[in-house]
Amino acid sequence: MKKIFTASFRQILIIPITLLTIGMGIKTASAQNKLYSPIPLTNFTEISDTLSNKDIPTGQGGFARDYVVKLKKGDNLSIDLSSENFDTIITLLAPNGSTVAENDDGPDGTSNSLLFTRITEAGTYIVRVHSFGETGVGKFKLKVTKLQPLK
């Protein structure tokens, strides 16, 4: 009788503990999704923003801020990033997370960034603003422009 009681008691405990564990995993996953929410770029105008130590750590001592933009196949883009506070890097990430293009220093000899690229696959892309190494945080200007194709 004692063996039957012990076995039944274990089965009674296993189901609630399993459900509790699954429930905690779901809650943790949904909490993590809420932490990362890139800023939508709905219109293609210049924006002014600030990179701070509350943004995404890069693992190299700097920080990054992400913007999400929907693009079509064949779109030609110019992405211009400038700051007087930190050495900028601009990265365009594809819908699958791979790097489409990246630029550290623009052609004008400054530490600002300028990137030109053509989109080969329609989807939701990430424009990532970040600082070079540990160069810091501060105000920046970001301009994403859809260029008109030559006729």
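Residues numbered from 1 in each chain as written. Predicted model: local features only at pLDDT ≥ 70, side-chain atom pairs only at ≥ 80, totals over all residues. Heavy atoms only, no water.

A.B. asks: Explain the layout of surface pockets here, please?
C.D. replies: One water molecule sets the probe size; rolling that probe over the atoms shows where empty space is left. In this structure, the largest pocket encloses a volume near 160 Å³. With 3 residues, strand β4 (residues 63–71) is the largest single contributor of residues to the lining of the largest pocket. Grouping the amino acids of the lining of the largest pocket by side-chain chemistry returns 7 nonpolar, 1 polar and 4 charged. (1 Å grid on protein atoms, 1.4 Å probe; cavity = no way out; pocket = protein on both sides within 12 Å on 5 of 7 lines; lining within 4 Å. Points joined across faces, edges and corners; volume = space filled by probe spheres on them. Helix = DSSP H or I, 4+ residues; strand = E, 2+ residues; numbered from the N terminus. Nonpolar A, V, L, I, M, F, W, Y, C, P; charged D, E, K, R; others polar.)

A.B. asks: Would you mind showing me how to read the side chain of aspartate 75 here?
C.D. replies: Position of aspartate 75 relative to the elements: it lies in the loop between β4 and β5 (76–82). With relative accessibility at 14%, the residue aspartate 75 sits in the buried group. From its side chain, aspartate 75 meets the backbone nitrogen of lysine 72 in a polar contact 2.8 Å long. Non-local contacts of aspartate 75, meaning those with residues more than four positions away in its chain, are made with Thr117, Arg118, Ile119 and Lys146. (Buried < 20%, exposed > 50% of the residue type's maximum accessible area, 1.4 Å probe, protein only. Polar contact = N/O pair within 3.5 Å; in protein donor to acceptor, adjacent residues only side chain to side chain. Contact = heavy atoms within 4.5 Å.)

A.B. asks: So what exactly am I meant to see when it comes to the environment of asparagine 85 here?
C.D. replies: Within the secondary structure layout, asparagine 85 lies in the loop between β5 and β6 (88–93). Residue classification places asparagine 85 among the partly exposed positions, given a relative accessible area of 44%. In terms of polar contacts, asparagine 85 uses its side chain to reach the backbone amide nitrogen of lysine 139, at 3.0 Å.

A.B. asks: Before we go on, may I ask you to explain the pattern of salt bridges in this structure?
C.D. replies: Should the charged atoms of two oppositely charged side chains come close, the side chains can pair. Overall, the coordinates contain 4 salt bridges when judged by the stated rule. Between aspartate 66 and arginine 128 there is a salt bridge; the shortest N-O distance is 2.7 Å. One end of the pair, aspartate 66, is in strand β4; the other, arginine 128, is in strand β9 (residues 123–131), and 62 residues separate them in sequence. We classify arginine 128 as partly exposed; its relative accessible area is 25%. (Salt bridge = Lys/Arg side-chain N within 4 Å of Asp/Glu carboxyl O.)

A.B. asks: I'm lost on the environment of threonine 91 in this one. Help?
C.D. replies: Residue position: threonine 91 is located in strand β6. As a C-alpha pair, threonine 91 and isoleucine 79 span 12 residues in sequence and 9.2 Å in three-dimensional space. Within the structure, threonine 91 has its side chain in polar contact with the side chain of glutamate 102 (distance 2.6 Å).

A.B. asks: Is there a simple way to think about the sheet that holds β5 in this case?
C.D. replies: Through backbone hydrogen bonds, the strands of a sheet pair up, either in parallel or in antiparallel fashion. Spatial ordering of the open sheet is given by β2-β10-β5-β8, a layout of 4 strands whose pairing is antiparallel. Taken across any chain shown, the strands that pair with only one partner, and hence form the sheet edges, are β2 (46–51) and β8 (113–118). On average, each strand axis in the sheet is inclined to that of its neighbour by 20 degrees, with strand direction left out of account. In this sheet, strand β10 (residues 138–147) lies alongside β5 in antiparallel orientation, the contact comprising 7 bridges. If you follow serine 78 over to β10, its bridge partner there is threonine 145. (Pairing = 2+ DSSP bridges. Axes fitted to C-alpha atoms, helices over the stretch in contact; angles between N-to-C directions.)

On their own, these measurements won't tell you what the molecule is for.
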